[in-house]
Amino acid sequence: MNQYTPPKVWTWNKPNGGAFASINRPIAGPTHEKELPVGKHPLQLYSLATPNGQKVTIMLEELLARGHKGAEYDAWLIRINDGDQFGSGFVEVNPNSKIPALMDRSEPKPVRVFESGSILTYLAEKFGEFLPTELAARAETFSWLFWQMGSAPYLGGGFGHFYAYAPEKIEYAIDRFAMETKRQMHVLDRRLAESEYLAGPDYTIADMAVWPWYGGLAKGRSYNDAAQFLSVQEYKHVQRWADAIDARPAVKRGRMVNRISGDPAYQLHERHDARDFETKTQDKLQAAE
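Reading guide: rules and limits
Every residue gets a number counted from 1 within its own chain, in the order that chain's sequence is written. Under the rules for a predicted model, residues below a pLDDT of 70 receive no local features and side-chain atom pairs below 80 are neither given nor counted, while totals for whole chains, interfaces and linings still include all residues. By convention in this description, side-chain values take in all heavy atoms of the structure and omit both hydrogens and water. UniProt positions are given in the numbering used here, feature names are shortened, and annotations may be inferred rather than shown by experiment. Numbering of helices and strands starts at the N terminus; helices are DSSP runs of H or I of at least 4 residues and strands are runs of E of at least 2. By salt bridge we mean one thing: a side-chain nitrogen of Lys or Arg within 4 Å of a carboxyl oxygen of Asp or Glu. Type-normalised accessible area, obtained with a 1.4 Å probe on protein chains alone, sets the label of each residue: buried when under 20%, exposed when over 50%, and partly exposed for intermediate values. Strands pair, by our definition, only if DSSP identifies at least two bridges between them. Look down the strands so they point away from you; if the path from the first strand over the helix to the second goes clockwise, the crossover is right-handed.

Going by what an unreviewed UniProt entry lists, the protein chain is known as Glutathione-dependent disulfide-bond oxidoreductase and is assigned to Mesorhizobium captivum.

What follows concerns the UniProt feature "domain: GST N-terminal" (unreviewed entry) in the protein chain. Residues given the UniProt feature "domain: GST N-terminal" (unreviewed entry) here are residues 44–131. Measuring from the first to the last C-alpha atom of residues 44–131 gives 22 Å, for a span that is 38% helix and 19% strand.

A few words on the pattern of salt bridges. When the charged atoms of two side chains lie near each other, side chains of opposite charge can form a pair. On inspection of all chains with the given rule, the structure shows 17 salt bridges. A salt bridge links Glu72 to Arg271, with the nearest nitrogen and oxygen atoms 2.7 Å apart. A residue pair is termed long-range when its members are at least 10 positions apart, and Glu72 in the loop between helix 1 (51–65) and strand 2 (73–77) and Arg271 in the loop between helix 9 (249–256) and helix 10 (276–279) qualify at 199 residues. Taken individually, Glu72 and Arg271 each receive the classification buried, so the pair is uniform in this respect. For Asp276, the salt bridge is made with Lys280, and the minimal N-O distance between the two is 3.9 Å.

The next point concerns the UniProt feature "domain: GST C-terminal" (unreviewed entry) in the protein chain. According to UniProt, the feature "domain: GST C-terminal" (unreviewed entry) maps to residues 134–268 in the numbering used here. Overall, residues 134–268 shows 68% helix and 0% strand. The separation of its end C-alpha atoms is 37 Å.

Moving on to the pairing of strand 2. Burial of strand 2 is extensive: five of the five residues sit out of reach of the surface. With burial as the criterion, each face of strand 2 is covered, one bearing Tyr73, Ala75 and Leu77 and the other bearing Asp74 and Trp76. Across five bridges, strand 1 (residues 43–47) lies against strand 2 in parallel orientation. Residue Leu43 lies in a different strand from strand 2, and its bridge partner there is Tyr73. Taking the sense of rotation as the criterion, the β-α-β connection linking strand 1, helix 1 and strand 2 turns out right-handed.

Written out as structure tokens, the structure is:
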């Protein structure tokens, strides 16, 4: 491997390579004018079914399952590989140009909410669900929620990037982030050995935040053969927790929304009505063509 000597001042003068080279750039702001669509429901979600996107659709489906009609939502597909997140309308909702982004139009003045952990907290407080009110339990929930926010970049941008997406395999980088990912899985496994869910006996927004990332890894859904590479089966308590959440009907629905890969029967590119799960998955749309 060629030795790289960093220049005194970095400049963006060539593509960085890898799976996301076409959308990576060192500047913020919109690249083109494009207004966002607005549907009929109070909540307008602009997203893609990445782990961060799944957090919010799972939360919304769980709220609906508990009878909160005000949680009805339109989920619009943002194709990040096509640069949809750099449209002017999206940047107005999220100046960081990352999915998911939410507009709450039920308030007198529409409220924008961006960053997945912030959206989960906003919805939990708005509807009074999945966030304990007792001080210690609430603190535990937020601790695990913020654990995910700080830890997952090492899993995704670190391990996932260098293991699955980088243009070349760099042993040092893969070893560095594989070690950290396994440490994080052990953190979770130790916690889940003593607690049914992350914050205690009840399912909370902490589980909704952590599960798409670490539950997905545990169930072999992330980064090609990463589950075998990382020996995820050894984390028995994470596996128990991942299976329990996997079985929830609202989680099954939430995983389908804004999904554009995998089995067409589990892809619902946009969601505007609960009936869409029965009539507008990609397998049914393709069969009707």
